[in-house]
Amino acid sequence: MSVEFRVTSDFRELAEIAEARNASPEWRGVLEIKPSVNRVFRLRGRPPNKGDINDIYYDLVDFSQITISFNELARRLSQMAELEGTYYPLAENFALRVARDTGRYERIPDFIDAGKDLVAHAVWYLWRPERGEDFTTLNSINKAQLNRALKSFWYRSNFHQSFSGVAIHELHTAKPLDENDATAVRSKPRTRLKQATLHLSLPSVIATVDECDPIEKIASLAVMGYYPDGRGLMGVAKQIRVDRIKLGYALNRAIEKLIQTRNGATPERSIREIVDELLRDGKYRYASGAAVVRNSPRYLLLRMRKLPQGLSEPERKIVELALMRNGNTLLYSNNEEIGQQLGVDKNMIFNVIRNVTSSLQQDTL
């Protein structure tokens with residue numbers, strides 16, 4: 001059996017189309033909305049559908065701070081769907097080549113479907129204009145994805161095969177996944193967050209997250225792609241000097257709250273304000289240069305919006321000195337320095353700060 005396919009000519013044609021889109025002001029509008037699309041994709045775990053346009057629009061205005069009309073957003077999303085379709089013929093050509101190379105001609109429809117899925121994933125998620133990527137870059141990403149991933153499609157486990165291609169005895173002997181089994185694989189953070197927010201719009205998710213403790217906010221926003229780092233919980237944990245496991249527990253606590261949330265909650269402030277506050281508060285340092293850890297009494301003190309009622313004058317002076325800073329650098333590195341300024345024992349400083357912050361202890365890790 002012979003299989004005919006065209007590749008070389010299509011590469012050149014697609015490269016010309018990509019170059020033309022880079023030069024088109026109309027098409028470059030897609031690059032502007034793409035970061036918002038990526039974040040909604042990240043939350044939902046799939047390419048956006050009609051029901052996600054409101055969430056993308058909310059992200060675009062609230063976080064990216066880009067103002068366009070709702071109709072204009074819908075038009076640009078239609079362009080992205082057209083962009084995906086541009087690469088379908090290329091996916092089919094690669095599928096035919098893989099079928100020829102593996103001798104699996106009867107699986108051509110499966111290879112084609114797999115190729116189109118790879119293209120969709122590249123267009124809607126892997127492609128990152130916020131990193132300086134343009135339509136020419138997308139062209140390269142799609143070719144690399146198809147060349148690398150599609151050919152290995154057949155050699156993977158049966159998880160990637162359609163049921164029509166699996167021998168009947170394999171289906172009969174397959175064991176269902178028991179989520180209560182101690183050996184069951186734990187789902188990834190993004191999957192857990194997606195499952196917890198299926199019933200919620202993005203504004204309701206943000207409103208709930210903003211009511212969480214700071215470490216829970218960071219974990220949730222990191223998985224959603226708002227807290228800057230780009231490497232998920234592991235990268236953020238390293239960035240803020242928190243154990244990866246503790247950050248995972250913080251995400252689980254936020255997920256429990258999201259599961260119980262009803263849709264329709266309205267955030268009191270923008271995503272940008274929430275993230276900026278976390279970034280600002282996450283970089284406090286002592287005058288010595290050491291970072292202020294998030295579960296220390298001094299950090300809890302910095303989180304208080306106002307001092308509690310009933311403080312004596314000496315206690316108020318202690319707290320005021322403990323809070324004094326130049327930007328995000330505390331002027332006094334330890335209790336002994338504060339005690340020297342006031343002429344009191346450092347143990348008294350410790351006890352006052354501990355008592356003032358005792359009501360916030362439940363917010364620590």
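Enquirer: Please explain unusual backbone geometry as it appears in this structure.
Expert: Glycine aside, residues mostly have negative phi, and peptide bonds are mostly found in the trans state. A positive phi angle, near 55°, is found at Gln 65, a position not held by glycine. Along the polypeptide, Gln 65 turns up in the loop between helix H3 (53-62) and helix H4 (70-86).

Enquirer: Got a minute to help me understand the packing of aromatic side chains in this structure?
Expert: In this description, an aromatic ring pair is defined by two values, namely the gap between the centres and the angle between the planes. Scanning all chains against the criterion turns up 5 aromatic pairs. With centroids separated by 5.9 Å and ring planes inclined at 85°, the aromatic side chains of Trp 27 and Phe 135 adopt a geometry described as edge-to-face. Note that Trp 27 is positioned in helix H2 (residues 25-44) and Phe 135 in helix H7 (residues 135-150), a separation of 108 residues in sequence. In this structure, Trp 27 and Phe 135 share a single accessibility class: buried. Consider the rings of Phe 63 and Tyr 226, whose centres lie 4.9 Å apart with planes at 75°: the pair is edge-to-face. In this pair, Phe 63 sits in the loop between H3 and H4 while Tyr 226 sits in the loop between helix H11 (214-224) and helix H12 (232-240), placing the two residues 163 residues apart along the sequence. Each member of the pair Phe 63 and Tyr 226 is classed as buried. Among the aromatic side chains, those forming a connected cluster through ring pairs are Trp 27, Trp 127 and Phe 135. The positively charged end of Arg 128 is found above the aromatic ring belonging to Tyr 125, 4.6 Å away from the centroid.

Enquirer: Sorry, what's going on with the side chain of Asn 38 here?
Expert: When you line up the elements, Asn 38 lands in helix H2. Look past the residues within four positions of Asn 38 in its chain and what remains in contact with it is Trp 124, Tyr 125, Trp 127, Arg 128 and Glu 130.

Enquirer: Any chance you could explain helix H9 (residues 189-196) here in plain terms?
Expert: Helical geometry note: an α-helix holds 3.6 residues per turn, so side chains three or four residues apart project in the same direction. Residues of H9 that are buried: Pro 189, Arg 192, Leu 193 and Ala 196. Each buried residue of H9 lies within a common arc of 95° when the element is viewed along its axis, so the set occupies one face. Where H9 is buried, its residues touch H2, H11, H12 and helix H13 (244-259).

Enquirer: I tried to follow the pattern of salt bridges on my own but got confused; where do I start?
Expert: Between side chains of opposite charge, a pair can form as their charged atoms come close. Taken as a whole and judged by the stated rule, the model has 17 salt bridges. Notably, a salt bridge pairs Arg 44 with Asp 55, separated by 2.8 Å at the nearest N-O pair. Pair noted here: Arg 44 is in helix H2 and Asp 55 is in helix H3, with a separation of 11 residues, a long-range link. Summarising the burial analysis for this pair, Arg 44 and Asp 55 share the class buried. Measuring nitrogen to oxygen at the nearest pair gives 3.1 Å for the salt bridge that ties Asp 210 to Lys 217. Assigned by exposure class, Asp 210 and Lys 217 land together as buried. Salt bridges here are not isolated pairs; linked through shared partners, they connect Glu 26, Glu 32, Glu 72, Arg 75 and Arg 76.

Scoring rules and cut-offs
Numbering of residues begins from 1 in every chain and follows the order in which that chain's sequence is written. Side-chain atom pairs in this predicted model are given and counted only at pLDDT of 80 or more, local residue features only at pLDDT of at least 70, and totals for whole chains, interfaces and linings cover all residues. Side-chain descriptors were evaluated using all non-hydrogen atoms of the structure, hydrogens and water having been removed beforehand. Here a strand is any run of E in DSSP of at least two residues, a helix any run of H or I of at least four, and the numbering for each starts at the N terminus. Here is the rule: rings of Phe, Tyr and Trp (six-membered ring for Trp) pair when centre to centre is within 6.5 Å. Planes less than 30 degrees apart are stacked, more than 60 are edge-to-face, and the remainder are tilted. Under the scheme applied here, a residue whose accessible area is under 20% of the maximum for its type counts as buried, over 50% as exposed, and between as partly exposed, the area being computed with a 1.4 Å probe on protein chains only. We call a charge positioned over a ring when the NZ of a Lys or the CZ of an Arg lies within 6 Å of the ring centre and within 35 degrees of the ring normal. Any two residues whose heavy atoms approach within 4.5 Å at even a single point are treated as in contact. Our arc is simply the arc of the directions from the helix axis toward the C-beta atoms. Salt bridges are defined by distance alone: a side-chain nitrogen of Lys or Arg within 4 Å of a carboxyl oxygen of Asp or Glu.

Geometric values such as these leave the question of function open.
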